[in-house]
Amino acid sequence: MRAATFSGTGTITSDRFHRLVYFVNALLPAVGLDAETARVLKASYGPFFPEYQWDLDRLAGNGLISVIDLHWVSSDQRFFGTYRITPKGIRYTEKIAAATPFLSDVEHAISEIVSAFIAAPEALSRLASHLDANLGQDTIRDGQIVDFGEWQSENYSKSAAEFLLESWLSNLAKGTHGSQESPRMNATSDTTEQNQYIAAAGDANSSDSIEMPLASEDWKPRYQHKRSFHLYVHYLVQSLRRLDSRIAAEV
């Protein structure tokens, strides 16, 4: 909640909160940090964490966050609300961060992931959440648990983000940085394993290329983690737009 506030959004809806929680846990391993949880319930409206919702309710009860426009959604049999961290909540999180130095890396990584997705609201939409490499697996239906590292080792979202970063860096190394065109990666030219990571996030059999955004600054190691998050968001957005174009063409 604090990271979302500092990223420029004052309030956050229930669905958006759970999507951000999901992407934070799925992508933290990409920076060498452990996810707090590596399993999530796949619902028709996106990822849902019962334990995080319980924590959210407790924080509201303690006055650390405030709830706006809480109402019952009969079609989903759940409550839906909009949340905002309170000044008391901000002070409390600042004290925790100051007293726990090892949390600074975690907080920094969370802030980077949240800012990447907040900057691209489209990537947090209900449809884009189903294009994610973990959530988008056809073998997992609504109402089932998506395991992205709890009991099994595969975390396709992490692998996809790392692969996109490596591909982008490879294009930079070939001298594409600073050119007029963005580096491009064709999803059909990758290895079988890489295609598996990309396939769940979009259509790996498509002949479309994925545009990779160029950085405004020269490549430096400290930008690596932030770049991987933004590249993955960019990929989700591109996949969503291609899908929307195909739907429009069919109509």
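Conventions used here
Residues numbered from 1 in each chain as written. Predicted model: local features only at pLDDT ≥ 70, side-chain atom pairs only at ≥ 80, totals over all residues. Heavy atoms only, no water. Helix = DSSP H or I, 4+ residues; strand = E, 2+ residues; numbered from the N terminus. Buried < 20%, exposed > 50% of the residue type's maximum accessible area, 1.4 Å probe, protein only. Contact = heavy atoms within 4.5 Å. Areas by Shrake-Rupley, 256 points an atom, 1.4 Å probe, with all protein chains shown as cover. Phe/Tyr/Trp six-rings, centres within 6.5 Å; stacked < 30°, edge-to-face > 60°. pLDDT = per-residue confidence, 0-100. Patch = residues over 30% accessible without salt bridge, like charges linked within 9 Å, V, L, I, M, F, W, Y side chains within 5 Å. Salt bridge = Lys/Arg side-chain N within 4 Å of Asp/Glu carboxyl O. Lys, Arg positive; Asp, Glu negative; His and termini not counted. Charge placed at Lys NZ, Arg CZ, Asp CG, Glu CD. Pairing = 2+ DSSP bridges. Axes fitted to C-alpha atoms, helices over the stretch in contact; angles between N-to-C directions.

A closer look at the overall build of the chain
(1) Moving on: Secondary structure assignment for the chain yields nine helices and eight strands.
(2) Moving on: Here the chain, with 251 residues, has 44% of them falling under the buried criterion.
(3) Moving on: Considering only contacts within the chain whose residues lie at least 6 apart along the sequence, 73% involve residues at least 24 apart.
(4) Moving on: A total accessible area of about 12,900 Å² is found for the chain, and carbon and sulfur atoms account for 51% of it.

A word on the packing of aromatic side chains
(1) Moving on: Overall, the coordinates contain six aromatic pairs when judged by the stated rule.
(2) Moving on: With a centroid separation of 4.1 Å and an interplanar angle of 20 degrees, the aromatic rings of F23 and F117 are classed as stacked. With F23 in helix α2 (residues 14-27) and F117 in helix α5 (residues 103-118), this residue pair connects regions lying 94 residues apart in the sequence. Neither residue differs from the other here; F23 and F117 are each classed as buried.
(3) Moving on: Relative to F79, the ring of W72 lies with its centre 4.9 Å away and its plane at 70 degrees, an arrangement referred to as edge-to-face.
(4) Moving on: Here the aromatic residues Y22, F23, F117 and F148 are joined through ring pairs into a cluster of three or more.

Considerations on the confidence of the model for the chain
(1) Moving on: Here the chain averages 78 in pLDDT, while 78% of its residues score no lower than 70.
(2) Moving on: Mean pLDDT in the chain bottoms out at strand β7 (residues 184-186), which sits at 38, and peaks at strand β6 (residues 145-147), which reaches 96.
(3) Moving on: In the predicted structure, residues 177-223 sits below a pLDDT of 50 and forms 100 contacts with residues beyond four places in sequence or in another chain.

Topic: the environment of A133
(1) Moving on: In this structure, A133 sits in the loop between α6 (126-129) and β6.
(2) Moving on: Separated by 23 residues in sequence, A133 and Y156 have C-alpha atoms that sit 5.3 Å apart.

Looking at a negative patch on the surface
(1) Moving on: Together, E36, E51, D55 and D57 give the surface a local cluster of negative charge.
(2) Moving on: Among the secondary structure elements, D55 is positioned in helix α3 (residues 50-61).
(3) Moving on: On the basis of relative accessibility, which here comes to 34%, the residue D55 falls in the partly exposed class.

Here's the deal with the pairing of strand β4 (residues 65-73)
Taken residue by residue, a regular strand's side chains alternate between the two faces of the sheet.
(1) Moving on: The pairing of β4 with strand β5 (residues 78-85) spans seven bridges and is antiparallel. Residue pairing across strands places S66 opposite R84, the latter belonging to β5.
(2) Moving on: The hairpin formed by β4 and β5 contains four residues between the paired strands, and Q77 there has a positive phi angle of roughly 55 degrees.

Considering the sheet that holds strand β3 (residues 46-48)
(1) Moving on: Ordered by their spatial adjacency, three strands build an open sheet running β3-β2-β6, and the pairing between neighbours is antiparallel. Both edges of this open sheet fall to β3 and β6, since each of them pairs with a single strand only. Strand-to-strand, the axes of this sheet are offset by a mean angle of 45 degrees, without reference to chain direction.
(2) Moving on: Two elements, strand β2 (residues 39-43) and β6, share three bridges in a ladder whose sense is antiparallel. Paired with V40 across the strands is V146, a residue of β6.

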